[in-house]
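# Overview (structure and organization)
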Amino acid sequence: MKKTLFLIGTFSLGLLLAGCASDHVLHTTDGQTIVVQGKPKVDEDTGMITYKDIDGKEQQINRNQIKDMNSIN
């Protein structure tokens with residue numbers, strides 16, 4: 001019984017992680033790490049990056065404050 005529950009839990013975790021495959025991580029110049037849902041959008045005119053935070057709220061940050069941006073997968 002424990003083995004079955006372990007397999008179900010492992011499979012569920014795998015599905016959860018697969019569903020988050022398009023998330024990205026932003027590393028700021030001041031050392032913060034921001035995990036965002038989906039791919040951030042860059043506005044070339046204003047230099048602002050728009051993203052949805054982990055709670056699903058839309059946020060913006062200036063591109064000058066971002067050191068690098070990577071996808072999680």
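- By the naming in an unreviewed UniProt entry, the protein chain is YgdI/YgdR family lipoprotein, taken from Candidatus Pantoea formicae.

### Things to note about the overall build of the protein chain
- Scanning the protein chain from terminus to terminus reveals 1 helix and 5 strands.
- Burial statistics for the protein chain: of 73 residues in total, 21% are counted as buried.
- Taking the contacts inside the protein chain whose residues are at least 6 apart along the sequence as the reference set, 34% of them involve residues at least 24 apart.

### Looking at the nonpolar core
- Judged by nonpolar contacts, L26, I34, V36, I49, Y51, I61 and I66 together constitute the single largest core of 7 residues.
- Those elements that provide at least two residues to this core are strand 2 (33–43) and strand 3 (48–52).
- Those residues within four positions of Y51 in sequence are excluded, and the remaining contacts are L26, I34, V36, P40, K57, E58, Q59, Q60 and I61.

### Structural notes on a nonpolar patch on the surface
- Residues V35, I54 and I72 make up a contiguous nonpolar surface patch of about 240 Å² in total accessible area.
- In this structure, I72 sits in the segment after strand 5 (66–71).
- Residue I72 is classed as partly exposed on the basis of its relative accessible area of 36%.

### Concerning the confidence of the model for the protein chain
- This prediction gives the protein chain a mean pLDDT of 81; 70% of its residues lie at or above 70.
- Predicted confidence in the protein chain is weakest over helix 1 (residues 2–19), with a mean pLDDT of 54, and strongest over strand 4 (residues 58–62), with 96.

### Section: the pairing of strand 2
- With 4 bridges connecting them, strand 1 (residues 24–28) and strand 2 associate as antiparallel partners. Looking across to strand 2, one finds that H27 is bridged to T33.
- Where strand 1 folds back on strand 2, the antiparallel hairpin that results is connected by 4 residues, among which G31 adopts a positive phi of roughly 95°.
- Bridge count between strand 2 and strand 3: 4 bridges; the pairing is antiparallel. For K41, the partnering residue across the bridge sits in strand 3 and is T50.
- What sits between strand 2 and strand 3 in their antiparallel hairpin is a turn of 4 residues, with G47 showing a positive phi close to 80°.

Cut-offs applied
- Chains are numbered independently. Their residues run from 1 in the order of the written sequence.
- It should be noted that, the model being predicted, local features are given only for residues of pLDDT at least 70 and side-chain atom pairs only at 80 or more, the latter also being counted only at that level, while totals for whole chains, interfaces and linings use all residues.
- As a rule here, side-chain values come from all non-hydrogen atoms in the structure, and water together with hydrogens is ignored.
- The numbering of helices and of strands both runs from the N terminus, where a helix is a DSSP run of H or I of at least 4 residues and a strand a run of E of at least 2.
- The buried label goes to any residue with under 20% of its type's maximum accessible area, the exposed label to any with over 50%, and the partly exposed label to all in between, with areas taken from a 1.4 Å probe on protein chains only.
- Pairs of residues are marked as contacts when any of their non-hydrogen atoms sit within 4.5 Å.
- Put simply, buried Ala, Val, Leu, Ile, Met, Phe, Trp, Tyr and Cys residues joined by side-chain atoms within 4.5 Å make one nonpolar core.
- Each patch groups residues whose relative accessible area exceeds 30% and which form no salt bridge, using 9 Å between like charges and 5 Å between nonpolar side chains of Val, Leu, Ile, Met, Phe, Trp and Tyr.
- Exposure was quantified through the Shrake-Rupley algorithm and a 1.4 Å probe, taking into account, for residues, occlusion by the shown protein chains and nothing else.
- Salt bridges are defined as contacts in which a side-chain nitrogen from Lys or Arg sits within 4 Å of a carboxyl oxygen from Asp or Glu.
- You can read pLDDT as the predictor saying how much it trusts each residue, on a scale of 0 to 100.
- Strand pairing follows a simple DSSP-based rule, namely that at least 2 bridges must link the two strands.

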